[in-house]
Amino acid sequence: MVAAARPTLAKETALPMSGVDTRHINRDSLFLMADVRVDGDHASHRVKVRNLSAGGMMAEGELAVVRGARVTIELRNLPVIEGSIAWVQDNRFGIAFAHEIDPKAPRTAVNASGDLSTPRYVRPASIFPNGIPITDPGPLRKI
């Protein structure tokens with residue numbers, strides 16, 4: 001009895017990493033928006049930030065970029081960040097930052113201090129209206 005030949009699978013060819021392999025760096029998976037501007041282009045493009053680390057980020061958007069292009073990024077709670085395109089695949093691309101950032105900063109609320117100057121509808125319910133505790137429940141309507 002002759003054994004049937006198993007089909008051979010083509011081996012995936014891995015692209016060599018240029019520079020240092022940075023896959024071991026911790027990154028936060030999140031969903032944020034950022035504005036990216038490519039050097040030489042005056043328009044800013046809105047992109048989705050898929051993950052973020054101190055040294056870079058992965059973004060997704062309808063922005064035609066090429067590897068090595070210099071960019072500036074605007075993320076919430078951070079000053080403007082300079083970087084360059086590290087890789088491009090379909091509508092996703094990686095950006096390597098010129099300087100490390102605090103990757104937790106864009107996740108924090110703009111005014112997380114509970115400041116009473118914040119509109120009431122965005123303050124936590126645990127803060128008293130007008131900053132004054134209610135001592136006489138008489139004027140409250142019963143439900």
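Residues numbered from 1 in each chain as written. Predicted model: local features only at pLDDT ≥ 70, side-chain atom pairs only at ≥ 80, totals over all residues. Heavy atoms only, no water.

Asks: Would you take a moment to explain the overall build of the protein chain for this structure?
Replies: Counting secondary structure elements, the protein chain contains zero helices and six strands. Relative to its 143 residues, the protein chain shows a buried fraction of 27%. Taking the intrachain contacts of the protein chain between residues at least 6 apart in sequence as the baseline, contacts between residues at least 24 apart amount to 45%. Looking at the protein chain as shown, the accessible area adds up to about 11,000 Å², and 56% of this sits on carbon and sulfur atoms. (Helix = DSSP H or I, 4+ residues; strand = E, 2+ residues; numbered from the N terminus. Buried < 20%, exposed > 50% of the residue type's maximum accessible area, 1.4 Å probe, protein only. Contact = heavy atoms within 4.5 Å. Areas by Shrake-Rupley, 256 points an atom, 1.4 Å probe, with all protein chains shown as cover.)

Asks: Help me out: how do you make sense of the environment of Gly61 in this one?
Replies: Following the sequence through the fold, Gly61 ends up in the loop between strand 3 (56-60) and strand 4 (70-74). Along the sequence, Gly61 and Val47 sit 14 residues apart, while their C-alpha atoms lie 4.8 Å from each other. Excluding anything up to four places from it in sequence, Gly61 contacts Val47, Asn91 and Phe93.

Asks: Would you take a moment to explain the pattern of salt bridges for this structure?
Replies: Should their charged atoms come close, side chains of opposite charge can pair. Scanning all chains against the criterion turns up three salt bridges. We note a salt bridge from Glu60 to Arg50, for which the minimum N-O separation is 2.8 Å. One end of the pair, Glu60, is in strand 3; the other, Arg50, is in strand 2 (residues 45-52), with 10 residues separating them in the sequence. Between Arg92 and Glu60 there is a salt bridge; the shortest N-O distance is 3.3 Å. Residue Arg92 is found in strand 6 (residues 92-97), and its partner Glu60 is found in strand 3; the two are separated by 32 residues along the sequence. For Arg92, a relative accessible area of 33% corresponds to the partly exposed category. (Salt bridge = Lys/Arg side-chain N within 4 Å of Asp/Glu carboxyl O.)

Asks: Can you help me understand the confidence of the model for the protein chain in this one?
Replies: Where the model shows low pLDDT, its predicted coordinates should not be examined in detail. For the protein chain, mean pLDDT is 75; residues scoring 70 or higher make up 56% of the total. Within the model, pLDDT remains below 50 along residues 1-20, and this stretch shows two contacts once partners closer than five positions in the same chain are excluded. (pLDDT = per-residue confidence, 0-100.)

Asks: What's the story with the environment of Lys104 in this structure? I'm lost.
Replies: Looking at the secondary structure, you find Lys104 in the segment after strand 6. Its relative accessible area of 49% is what places Lys104 among the partly exposed residues.

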